[in-house]
Amino acid sequence: MTPDRTCVLAWLRRSAAALHEQRDYLTSLDAAIGDADHGINMDRGFTAVLDKLPTVAEADVGTILKTVGATLVSTVGGASGPLYGTAFLRAGTALAGRQELRPVDALAGFEAAYEGIVARGKAQRGEKTMLDAFGPALDALRAAIEAKQPFANALRAAADAAQAGALATTPMMATKGRASYLGQRSIGHQDPGATSLALFFQMMTDGK
Amino acid sequence: MTPDRTCVLAWLRRSAAALHEQRDYLTSLDAAIGDADHGINMDRGFTAVLDKLPTVAEADVGTILKTVGATLVSTVGGASGPLYGTAFLRAGTALAGRQELRPVDALAGFEAAYEGIVARGKAQRGEKTMLDAFGPALDALRAAIEAKQPFANALRAAADAAQAGALATTPMMATKGRASYLGQRSIGHQDPGATSLALFFQMMTDGK
Amino acid sequence: MKKLINSPESVVDDELHGLEAAHPDLVRVDFENHIVVRADAPVVGKVGVISGGGSGHEPMHGGFVGRGMLDAACPGAVFTSPVPDQMLAATRAVNGGAGVLHIVKNYTGDVLNFEMAAELAQAENIQVASVTMDDDVAVKDSLYTAGRRGVGATVLAEKIVGAAAAAGAPLERVANLCRKVNANARSMGMALTSCTVPAAGKPTFELGDDEMEIGIGIHGEPGRTRMKLAPAAQIAELLLLPILEDLPFRSGDTVLAFVNGMGGTPLIELYVMYNEVSRILKGKGVTIGRNLIGSYITSLEMAGCSVTLLKLDDELTQLWDAPVHTPALRWRA
Amino acid sequence: MKKLINSPESVVDDELHGLEAAHPDLVRVDFENHIVVRADAPVVGKVGVISGGGSGHEPMHGGFVGRGMLDAACPGAVFTSPVPDQMLAATRAVNGGAGVLHIVKNYTGDVLNFEMAAELAQAENIQVASVTMDDDVAVKDSLYTAGRRGVGATVLAEKIVGAAAAAGAPLERVANLCRKVNANARSMGMALTSCTVPAAGKPTFELGDDEMEIGIGIHGEPGRTRMKLAPAAQIAELLLLPILEDLPFRSGDTVLAFVNGMGGTPLIELYVMYNEVSRILKGKGVTIGRNLIGSYITSLEMAGCSVTLLKLDDELTQLWDAPVHTPALRWRA
Ligand SMILES: Nc1ncnc2c1ncn2[C@@H]1O[C@H](COP(=O)(O)OP(=O)(O)O)[C@@H](O)[C@H]1O
Ligand SMILES: Nc1ncnc2c1ncn2[C@@H]1O[C@H](COP(=O)(O)OP(=O)(O)O)[C@@H](O)[C@H]1O
Ligand SMILES: [Mg+2]
Ligand SMILES: [Mg+2]
Ligand SMILES: [Mg+2]
Ligand SMILES: [Mg+2]
């Protein structure tokens, strides 16, 4: 079954619920190497997204994602607001007008989102940021789709890679974002942004 | 043996040592119903007194006590500075020129000291102040001296009465000084000033 | 005990050295007599205004020495009234021939030590007037207490009488103004945490994680009641209602509202409190004509706040608005 | 968590309501756009100066809006950069036709959000210049970090460029002045205690009773090193030496020395620290031409301090001395 707008809306709702539930956990990760607000920021942003979703209940996937991006830019603040906001805005632009998403469409959307984060934040993989979950997820997704695996399997592979990528930030030394101020002391803690990013991929495999 | 200037000097030195040793205890009593400085105040004053004593090593008892009083006024501050200072100043005036102290002299000195505290602080017995140790001590001293008991016994009786008086401040409600701000909440704590006062009497019986 | 100090013994002197180093244009510190004196004292023909009390309440009083406020301050040891020698030296230093006002906060120690100093100064033929501040409604003024404590109104009085003295008012008028401020001002304070006297090394009282003290003084004295922590709106009521009832302040009155931090309270919280105070006063028909928000009369690092209301009339308002230039309070100068 | 607040959700708005209630002559708060704007903005023909950042640093920035300093401030949630919509609204509100300066503290979040806002404002044909402040020597400015953080120098820059804008300087000069302040200022901070983000409800980090953090930022971020508590003299060295070496400041230089409290630090301790700072600088032959002592850029109720040195010349000194009238900084006005 090809996922459609309804699937995307359901995914956003599940993600909002998961962020709300993980709010304190994400915040505690940020307390260790940042400023103890990542969970609060994401929860604030996705609470606003939930409020906005009814206005795009009938819209195409591109419009839905752009609305999410604009809402995040306007409500999250911090580093994650412009980064996640840009990601969703770019994905929305890439998927303008779509009612359904073939696997290659989904891949194009994620690639645009990833490039948006890179363009905005000027980080690369290995700097202990959300890119370290997103990058591996994207690689896994691309490989699975190129190998013509069933889409559900591809998403599962991406989610596992995101999760592994998030865990792999623990031994890294941060060189971007607030955690970079800690230098060596940032080692040994999992990156909050990578953790929230992995959660979005997980929510594509859960509850289906 | 009739106590002389040397005994008075030795008593002052013992008192200074005892106040230094009891500094934290007196301060903790003041923390409960005051501002946590009584031990610090008294220790500061008597450290200054110790510094001053050599200048009156050859002086008469009156001069010694007046010097102590002036030193306390100039170094203690708080309520206890003017009160103890006035007490020693008045006792010194009453004992001007004396080289030795007969029991009646000592009594006269203590009476002058007591009246000095009353005049300065305008308190009466029963208000949970140093007077509640001083009053009973004076009564006991007067009674023993009038009963022609040996001076050492009289001092012992006064010290015991002072100690009992200090303990008896615990159930009192303070109506003078800083502890009075607490109203009912001042009940159940021993008064720091009464405690330091009892210590002076105790130092007349110890180490002899 | 966590403090930015060198040692409990040196903290007051270190602070005074810092004050002098920072503001040589405004104050000089006489370390022999342990007093803070206006740089150009005595001002000939002007009434001198001095105050003093224990240290640990900074910026009060040393931070209020300068132009248009105090001529000298006498800092005691932490939370301990200064000794008469200090007040005598300060009185001499600021006497410009028009006499000297002693502003005394009503604590047994302050009162007794200032009293002894005034006796000594008068013996030197310096004209001295003393006014005792007692604005704290947390303490019942009855036979059963040493009377109300002097707290926040002292800051307002020092500014207002300082302006009158600067304008050339004679001693009697300056003293009467001080009495007028005291008569028209009421305060009450609360604490979220205790403070730690440096020489004592541990907190004066212990409060549970969910408790607060209402009716505290400025020396880490426990308050009159311990309560469960409450929202700012409720705390504002607990402080304001006794204040309003006491004077009383009535609908139609104009006041100066002073929301004061106890030393460890960040400004964000003081503005939250001010918002509640202004809301409650609006509801009672009381107009806030002037305000002061900040940590001006503190208890070391105690977290908490106090509120002072002063009923204003034209005279007090004009004197409040007059130029002032001190380390801690400055405007129109 | 012990705070004078109504709820973690309302604390920022409650504070802003308090700010507006207290200073209607200086600021108005636009709650729709969540910005603090100078009461008489826009001033036609004057360069508008705005700044912003997370809340929890009060009085920065809202307390610096008024005459001779900022035209608007954009308060984010506690410790969270504001969103571009706020900076865009502020830019529109203060644009008097001469363009708008954005003073941005160098944090990824602030930089990205201000960048988006500047793009949007420029699309509306408002001339915008952005200057990023990065004065914190605790962070190595290398490939391996997001660059130095903006801290205390921001306060000084806002005062100085505010004065230049008030005097009619064009946008380019105002922006260059801001860069000059940043280039000539260095800061470093330390903490005795953590702070508690209201919505998080518990301290961001835990410090032992005998420990301190050196090199902290202003968001409760842990510092670079944790050490045993030390006397003020030693803490002053730990903060000053990296500052002095970095610019470097040299014998013969004249500086503005800014000793800042982190929110929970009483003034007595800041003056103790100032005394040590002035002693060390004297030893190095550096003259303190101006100073600022108080809690101006804070981290909620954190206890601790930061030191900022700004190398002064005549231009900077004159602009520093120029009249300013804001809720938190006021002189000659
Ligand atoms: N330059 C960057 N590029 C990509 N991601 C970044 C960058 N800077 C920070 N991040 C991510 O943002 C997360 C922090 O987000 P958040 O706590 O909401 O913002 P802030 O750091 O402003 O408080 C980090 O954990 C990291 O994953
Ligand atoms: N009016 C008074 N008359 C007699 N003694 C008093 C009076 N007021 C206070 N005291 C005594 O002073 C003691 C407190 O002294 P201290 O703590 O040194 O001064 P302060 O209260 O100024 O801090 C009290 O415990 C009490 O015994
Ligand atoms: Mg964060
Ligand atoms: Mg005491
Ligand atoms: Mg005392
Ligand atoms: Mg943040």
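The rules behind these values
- Residues numbered from 1 in each chain as written.
- Chains lettered and ligands numbered in written order.
- Predicted model: local features only at pLDDT ≥ 70, side-chain atom pairs only at ≥ 80, totals over all residues.
- Heavy atoms only, no water.
- Donors = N, O, S within 2.8 Å, 3.2 Å for Na, K, Ca; no water.
- Buried < 20%, exposed > 50% of the residue type's maximum accessible area, 1.4 Å probe, protein only.
- Domains from an automatic or database assignment.
- Contact = heavy atoms within 4.5 Å.
- Buried area = accessible area lost by both parts, 1.4 Å probe.
- Salt bridge = Lys/Arg side-chain N within 4 Å of Asp/Glu carboxyl O.
- Polar contact = N/O pair within 3.5 Å; in protein donor to acceptor, adjacent residues only side chain to side chain.
- Helix = DSSP H or I, 4+ residues; strand = E, 2+ residues; numbered from the N terminus.
- Near = heavy atom within 4 Å.
- Areas by Shrake-Rupley, 256 points an atom, 1.4 Å probe, with all protein chains shown as cover.
- Nonpolar A, V, L, I, M, F, W, Y, C, P; charged D, E, K, R; others polar.
- Pairing = 2+ DSSP bridges.
- Axes fitted to C-alpha atoms, helices over the stretch in contact; angles between N-to-C directions.
- Phe/Tyr/Trp six-rings, centres within 6.5 Å; stacked < 30°, edge-to-face > 60°.
- Lys NZ or Arg CZ within 6 Å of the ring centre and 35° of its normal.

On the protein side, the magnesium ion (ligand 6) has A:Asp35 (OD), A:Asp37 (OD) and D:Phe79 (O) as donor atoms, found 2.1 to 2.6 Å from it. The distance between the magnesium ion (ligand 6) and the magnesium ion (ligand 3) comes to 3.5 Å, and A:Asp35 binds to both of them. A:Asp37 carries the same exposure label as A:Asp35, and that label is buried.

What follows covers the domain arrangement of chain C. Residues and elements named next belong to chain C. Taken as a whole, chain C is organised into domain 1 (11-183) and domain 2 (185-313). Of note, the centres of domain 1 and domain 2, computed from C-alpha atoms alone, are 23 Å apart. In this assembly, 29 residues from domain 1 lie in contact with 31 residues from domain 2. For the domain 1 face of the interface with domain 2, the top three residues by lost area are Phe-79, Val-137 and Leu-156, together amounting to 24%. The interface formed by domain 1 and domain 2 contains two salt bridges. One salt bridge in this structure joins Asp-313 and Lys-180, with 2.6 Å as the shortest N-O distance. In this assembly, domain 1 and domain 2 are joined by 15 residue pairs in polar contact (both at pLDDT 80 or more). When residues of the side of domain 1 that touches domain 2 are traced back to their parent elements, those giving at least two are α4 (153-166) and α5 (171-183).

So, on to the site of ligand 2. Residue and element names in this part refer to chain B. The local shell around ligand 2 holds 21 residues, among which Asp-35, His-38, Ala-79, Ser-80 and Asp-191 are the closest. Within the contact set of ligand 2, an oxygen atom lies 2.4 Å away from a side-chain nitrogen or oxygen of Ser-80. Contact distances for ligand 2 include 3.0 Å between an oxygen atom and a backbone N or O atom of Met-130. Here ligand 2, which alone exposes 570 Å², has 96% of that area covered by the protein. At the level of secondary structure, the elements contributing two or more residues to the shell around ligand 2 comprise α3 (38-52), α5 (80-94) and α9 (192-205). When residues of the shell around ligand 2 are assigned to their parent elements, the largest contribution, three residues, is made by α9. The residue makeup of the shell around ligand 2, split by class, is six nonpolar, nine polar and six charged.

Before going further, it helps to examine the interface of chain D and chain A. Listed per partner, the contact involves 38 residues of chain D and 34 residues of chain A. Summing the contributions of chain D and of chain A, the shared interface buries around 2,600 Å²; its carbon and sulfur component is 54%. One can count three salt bridges joining chain D with chain A. For D:Glu115, the salt bridge goes to A:Arg120, with nearest N and O atoms at 2.9 Å.

It is worth spelling out the sheet that holds strand β10 (residues 254-261) of chain D at this point. All names here are of chain D. Read from one edge of the open sheet, six strands run β9-β8-β7-β12-β10-β11, paired in mixed fashion. Only two strands of the sheet have a single partner each, and these edge strands are β9 (225-228) and β11 (287-294). Ignoring which end each strand starts from, the neighbouring axes of this sheet average 20 degrees apart. Here strand β8 (residues 211-214) pairs with β9 via four bridges, running antiparallel. Note that in β9 the partner of Glu-213 across the bridge is Arg-226. Across the sheet, helix α8 (residues 314-321) touches β10, β11 and β12 (304-311), and the angle it forms with β11 is around 35 degrees.

It is worth spelling out the packing of aromatic side chains at this point. Evaluated as defined, the whole model comprises 26 aromatic pairs over all chains. Seen in terms of ring centroids, B:Phe46 and B:Phe88 are 6.2 Å apart; in terms of plane orientation they differ by 65 degrees. Their pairing is edge-to-face. Separated by 42 residues along the polypeptide, B:Phe46 in helix α3 and B:Phe88 in helix α5 bring together distant segments of the chain. The pair B:Phe46 / B:Phe88 is uniform in exposure class, with both members buried. Ring-pair connections join several aromatic residues into one group, and the members of that group are A:Trp11, A:Phe46, A:Tyr84, A:Phe88 and A:Phe200. Of note, C:Arg149 hangs over the ring of B:Tyr181, and the distance from its end group to the ring centre comes to 4.8 Å.

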